[in-house]
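Residues per chain, in single letters:
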Amino acid sequence: MSARKVINRRVRYETEYAASKQEGHPFFPYAMFHDTVVNLLIVLMIVGMAVLWHATAGPINAAHPNGQNGWLGALYEQKANPAVQATEPRPEWYFLFLFELLRIFKTPAELILATIIIPTIWMVLLIVWPFLDRGRDRRLSRRPWGVAIGLSVPAVLIALTIAGSIAPGVLAGTAISANPQINALPGSALIVKNGCSGCHQFPSGGANGPGGDLSTGSAKFGTDQKGLQDWISHVAADSGTGMPAFGKTNSPEQIAEIAQVIASLKTNSVEPLQK
Amino acid sequence: MPIPAPDPKQVALQAEDWIEYRTGFATLIRKFMFRKVPPTGWMHTLGSSLLTVFILQATTGMLLAMTYDPSPNGAYQSIRYITDEQTLGWLLRGMHKWGASMMVILLFLHMGRVFFYGAYKYPRELTWLTGSLIFILTMMMGLTGYLLVWDERAYWASVVAVNINGTAPVLGPFISKFLLAGPVFGAQTISRFYALHMLMIPGAIGALIFVHLWLVVKLGVTPWPSRPLPEPEPQLQPQASAPHSRMPETVAGE
């Protein structure tokens, strides 16, 4: 842009802005009045939520070993125990849109879309948006693309957040399938203890994501127990699936027993244990 | 001989003059408070609400830090102490917890207001840019604060989040090692998250808020869009002696 054009643009903008200031008013007390009212309201809402949260939930004690959930959730859950994963890993509500992306793109090949590519595109677009949308007219009727993006992005984020918030949780009870022989395997008890159904679907329930569907065994490994053992132990964690490395909190024998169950779910009959 | 009572108005004026001469604050405040702004309404209050919530978060955070113990053995116990036993500790923690949610909601609403007003357009591109950095850093506050409760949900959600961070190309392994403060999730991790959550990220947010507000006051707020002026004949011609003439023929970004 030539120096003349830069100056023309500045003069035009300054003229417009001076005109709009003419119609305006001093910051104090006019704009500050609005600010004060809304700020007070916001602080009151925060105090109100804190009161509601605390008044309807209860502490963990002898009578309530798992705490008491209130209208706004629990005060706290059981203390973190790195050796036992008995609960589903769920983020704060404002990260549920990313969590839902993990549930949508859950195969190892697509996963990078959810973990890296889409969030990076969103962040870059957010930062550089003013340098992409450079039109001078700010009226909505003259910004069809802006309005379309401004309405569709929140709609997508809200839809992802809602979908993420209603994701099923860890399965109730200890029966992972309808086959009593599979349920009786030591690996089935380990699957319950490690909270696998917080992310994976099993024949009798669990979360349909972010982990892969295991209701008919593993699509990736089938009855390849060695492959399953490596994957559960550390390969899944190393390849960036978000899955913890369960080899850190389970012995090789335990990992082998878990792999045996996953392989058995494929054939719906007990597969021999491979070590 | 009785000492004459000082005139309170005189004392106040002298005090103001004393400060004004040394700092210039009185002029600064007067200019800030009585600057003319375009027509504004309720929609223009979201930014100041965010500042208020940030100050509230900083205050409740400092008070929580006086009792909170950032260690794997002490964190959970101190959270339970704050919530169940400390006088009004539940209110302190509740306000911090729900203030965080409120801040995220207000960030989205503020961003929406700025977006639909077209307020990020010329010459306010940098105001938007600093705002989006504040937005991203606020989400990082949520991520690092979540772990500090050190309960089951917080722990495993953070394990997953850090594993995912580790998959980013080039920087990923470095970031996840930096967050964990070691090869695995352990005792050092909680100190690392605590330092990020209460020193590094809020410091960066505070600095960015300063720049953001500087730009807001310098450039003024944006009124609801109206029809722009027709292409005018520029009233200011660049002259050889004008400072603009030293500007290169092409100006990057304009």
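Calculation rules
- Residues numbered from 1 in each chain as written.
- Chains lettered and ligands numbered in written order.
- Predicted model: local features only at pLDDT ≥ 70, side-chain atom pairs only at ≥ 80, totals over all residues.
- Axes fitted to C-alpha atoms, helices over the stretch in contact; angles between N-to-C directions.
- Helix = DSSP H or I, 4+ residues; strand = E, 2+ residues; numbered from the N terminus.
- Parallel < 35°, antiparallel > 145°, perpendicular 65-115°, else oblique.
- Left-handed = near helix turned anticlockwise from the far one by under 90°.
- Nonpolar A, V, L, I, M, F, W, Y, C, P; charged D, E, K, R; others polar.
- pLDDT = per-residue confidence, 0-100.
- Contact = placed C-beta atoms within 7 Å.
- Domains from an automatic or database assignment.
- Pairing = 2+ DSSP bridges.

1. Focus: the packing of helix H3 (residues 46-65) of chain B against helix H5 (residues 89-116) of chain B
All names here are of chain B. Packing of H3 against H5 brings their axes to within 9 Å, and their N-to-C directions diverge by 155°. One way to sum up the angle between H3 and H5 is to call them roughly antiparallel. The way H3 lies across H5 gives a crossing that is left-handed. Within the contact of H3 with H5, the residues separate by chemical class into 15 nonpolar, 8 polar and 2 charged.

2. Brief notes about the confidence of the model for chain B
Residue and element names in this part refer to chain B. Of the residues in chain B, 91% reach a pLDDT of 70 or more, and the chain-wide mean stands at 89. Scored below 50 in pLDDT, residues 240-254 shows 16 contacts in the model against residues more than four places distant or in partner chains. Both confidence scores are given for the complex: pTM 0.89, ipTM 0.90.

3. A look at the domain arrangement of chain A
Looking at chain A, the domain boundaries give domain 1 (1-79) and domain 2 (180-267). Once you take the C-alpha centre of each, domain 1 of chain A and domain 2 of chain A turn out to be 44 Å apart.

4. Considerations on the interface of chain A and chain B
Taken together, the contact pairs 73 residues of chain A with 83 residues of chain B. Counting residues per element, the side of chain A that touches chain B draws most heavily on helix H2 (residues 27-56) of chain A, which supplies 16 residues. Classifying every residue of the side of chain A that touches chain B by side-chain character gives 41 nonpolar, 16 polar and 16 charged. In terms of strand pairing, strand E1 (residues 25-26) of chain A meets strand E1 (residues 36-37) of chain B through 2 bridges, oriented antiparallel. Bridge assignment links A:His25 to a residue of E1(B), and that residue is B:Val37.

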